[in-house]
Amino acid sequence: MAVQKGNLSIDSENIFPIIKKWLYSDHDIFIRELISNGVDAITKIKRLDSMGEATVEDGIEYKVTVTSSPNEKTLTFTDNGIGMTAEEVEKYINQIAFSGAADFLEKYKDKDQSEQIIGHFGLGFYSAFMVADKVTIDTLSYKDGAEAVHWESDGGLTYEMSEGNKLERGTTITLYLADDSLEFANEFRVKEVINKYCSFMPIEIYYINEDKAKEQAKDEVVAEAKAEEDELVGDAPEEVKTEEKKDDEPKPLNDIHPLWTKTPADCKDEDYIDFYQHVFLDFKEPLFWIHLNMDYPFNLKGILYFPRINPNMDKLEGTVKLYNNQVFVADNIKEVIPEFLLVLKGVIDCPDLPLNVSRSALQNDGFVAKISDYITKKVADKLIGMYKNHKDRYEELWDDLSPFIKFGCLRDNKFDEKMKDYMIFKNLEEKYITLPEYLDAAKDSHENQVFYVSDAETQAQYIQMFKDEKIDAIYLTHNIDNPYITMMEARDDKVKFARIDSDVSANFKGEALSEEDEKKFTESLTDIFKKALGVEEIKIKVESLKDENVSSMLTQSEADRRMAEMMKMYADAGMGGMGMNFGQNTETLVLNSNNKLVKYVLDNPEGEITPTICCQLYDLAVLANKPLTADELTRFVTRSNEILAKLI
């Protein structure tokens, strides 16, 4: 064929700046695009062969080979796929944005569709100019009598096309890298990008370092020459022990049959665990997993893993990798993966996704919402099924699962609606119960009132009081529980939650004080404690408690404490402002009028040891709720030693 020169037919003005600066947000994505083109070309020839429209040699190994040469500053992509004629190069390369894959699909839309075509947009090839000053194509079509074609372009706006010298069917694309992109001639960088985007593409991908290959070939020639020379001069031993040859067979960089493409019945537990540990580099075993496999009304496959979740919600983060026909698209695309599921780890492969031309983002489409709803439903169904059929396992995993499930209920109304009857809570007897079960047991003592523990250690005194009175409470110890409580109260306005140290339940009170005594004792003790503690204000409440061994308690109303915690959360997040001190002075010191120490203080307001007793009673009440400050702890230890010394 005669040499042909010309300008590329561009449908949009200044398309290359768009490709470089906007279309592809990640600089390294051109490797994915060019490998995808090679995979497409092989997929096409396989389909034509299966339909009897192309003749392919027996035993052929289909593959895409990526070759780099740091010395030559080149990066080459070779496939043994369908190839192109000169007319097809003119149509698919010289006319930018005309999609060869789309055209192929249209032509064969009513025939065998078992093999998927990755590219649908026609711009992938031109991503090469993100990193290359010059690009060449050498291609030979599968068609009988086809001639090889050579195409090259400097800068991407003009081209030259001539007869080529390629002898084997397929296409080779060579990138002459720009000076600012020489990193892509580096073996480790290329393998890193292939691993990122192409780990599970459906055609085997190989890598060759051309410079190393040349050096190795040279060494082999020298070694053979040396061996022949030794044999001629008689230096070779009579018996030459042949060394075992090293396994120099190149190995593909990708897994063409990833686990999610298989049916669940063909997968063993160890397969799921190995896949999880390999893909996510997490060598802890996941709690369990969900294998998604759907063909209608859309094609979706994948595996979602439930890792051991950190109870601190601030650190909850996972990785859900989105694939399109085994081609990596992005991590954690919230339009497809419901937000609350992003704390999981897993892979989702959906060939039907309406991606934009760069495959890096979704086009707005109601179809995407259906995919998201489907994934949510499958996760809820898995959890509900575990509750119904393997309740022991469900309870065993609950501490790890509950933050995730509660977060999902907070973020997704549909998920909350499905899961609300399967939420369980550990009670003071270390048994798991549902909220209706708790309320039913409590209807005679504290109807519609749910007591809970947020910290078993600091609230140990209150826990023991509850146990002594046979009053139950549930453990809500994760950060997510505060907003979850609020949501449950909003769902049922009759139910109220109260931390066990928020008030003194009527169940703990003994014979009630008269109004006159309660007022007199409160006024007297308030004055005594103000003087002893050296404070101007303190809120004191005198109660007659059944257990005379309980001397003092520190309580704070549920509403005040929640408000204080919310304000602290805002402050910690750098959202300072009004109300930051709200709740700091709303704690109440409850003193038991039946306790000997409290009685002593009442009877001896001016006693020598009265200030010491007051300070000790206050610190003991604080310690039952929270740590003392450094200065407070020093004074407490010193005072305790002084009290012990007086016992000698």
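Okay, so let's go over this structure. Note that the coordinates shown come from a computational prediction; the quantities given were computed from them, not determined experimentally. (Residues numbered from 1 in each chain as written. Predicted model: local features only at pLDDT ≥ 70, side-chain atom pairs only at ≥ 80, totals over all residues. Heavy atoms only, no water.)

**A short note on the overall build of the protein**
For step 1, the next point in the chain: From N to C terminus, the protein includes 18 helices and 21 strands.
For step 2, the next point in the chain: Relative to its full complement of 648 residues, the protein shows a buried share of 48%.
For step 3, the next point in the chain: Pairs at least 24 residues apart make up 72% of the contacts formed inside the protein by residues separated by at least 6 positions. (Helix = DSSP H or I, 4+ residues; strand = E, 2+ residues; numbered from the N terminus. Buried < 20%, exposed > 50% of the residue type's maximum accessible area, 1.4 Å probe, protein only. Contact = heavy atoms within 4.5 Å.)

**Some thoughts on the packing of aromatic side chains**
Each aromatic ring pair is specified by the distance between its two centres and by the angle formed by the two planes.
For step 1, the next point in the chain: Overall, the coordinates contain 27 aromatic pairs when judged by the stated rule.
For step 2, the next point in the chain: Where Tyr272 meets Trp289, the ring centres are 5.1 Å apart and the plane angle is 25°; that geometry is what we call stacked. Taken together, the residues span a long stretch of sequence, with Tyr272 in helix H7 (residues 269-280) and Trp289 in strand E9 (residues 288-294) at a distance of 17 residues. For the residue pair Tyr272 and Trp289, the accessibility class agrees, reading buried in each case.
For step 3, the next point in the chain: Ring geometry for Phe340 against Phe415: centres 4.6 Å apart, planes inclined by 40°, an arrangement best described as tilted. Note that Phe340 is positioned in the loop between strand E12 (327-331) and strand E13 (345-349) and Phe415 in helix H10 (residues 413-419), a separation of 75 residues in sequence. Pair check on accessibility: Phe340 and Phe415 agree, each one buried.
For step 4, the next point in the chain: Cluster of aromatic residues (ring-pair linked, three or more members): Tyr197, Phe200, Trp260, Phe275, Tyr323 and Phe328.
For step 5, the next point in the chain: Over the face of the ring belonging to Tyr176 we find Lys134, whose NZ or CZ atom lies 5.1 Å from the ring centre. (Phe/Tyr/Trp six-rings, centres within 6.5 Å; stacked < 30°, edge-to-face > 60°. Lys NZ or Arg CZ within 6 Å of the ring centre and 35° of its normal.)

**What about the pairing of strand E5 (residues 149-154)?**
For step 1, the next point in the chain: One ladder, built from six bridges, connects strand E4 (residues 132-140) with E5; its direction is antiparallel. Note on E5: the bridge partner recorded for Lys134 is Asp154.
For step 2, the next point in the chain: With four bridges joining them, E5 and strand E6 (residues 158-163) adopt antiparallel strand pairing. For Glu152, the partnering residue across the bridge sits in E6 and is Glu160. (Pairing = 2+ DSSP bridges.)

**Here we look at a negative patch on the surface**
For step 1, the next point in the chain: A surface patch of like charges, here negative, comprises Asp219, Glu220, Glu224, Glu228 and Glu231.
For step 2, the next point in the chain: Relative to the assigned elements, Glu224 resides in helix H6 (residues 210-233). (Patch = residues over 30% accessible without salt bridge, like charges linked within 9 Å, V, L, I, M, F, W, Y side chains within 5 Å. Areas by Shrake-Rupley, 256 points an atom, 1.4 Å probe, with all protein chains shown as cover. Salt bridge = Lys/Arg side-chain N within 4 Å of Asp/Glu carboxyl O. Lys, Arg positive; Asp, Glu negative; His and termini not counted. Charge placed at Lys NZ, Arg CZ, Asp CG, Glu CD.)

All we've got here are geometric facts, nothing functional implied.
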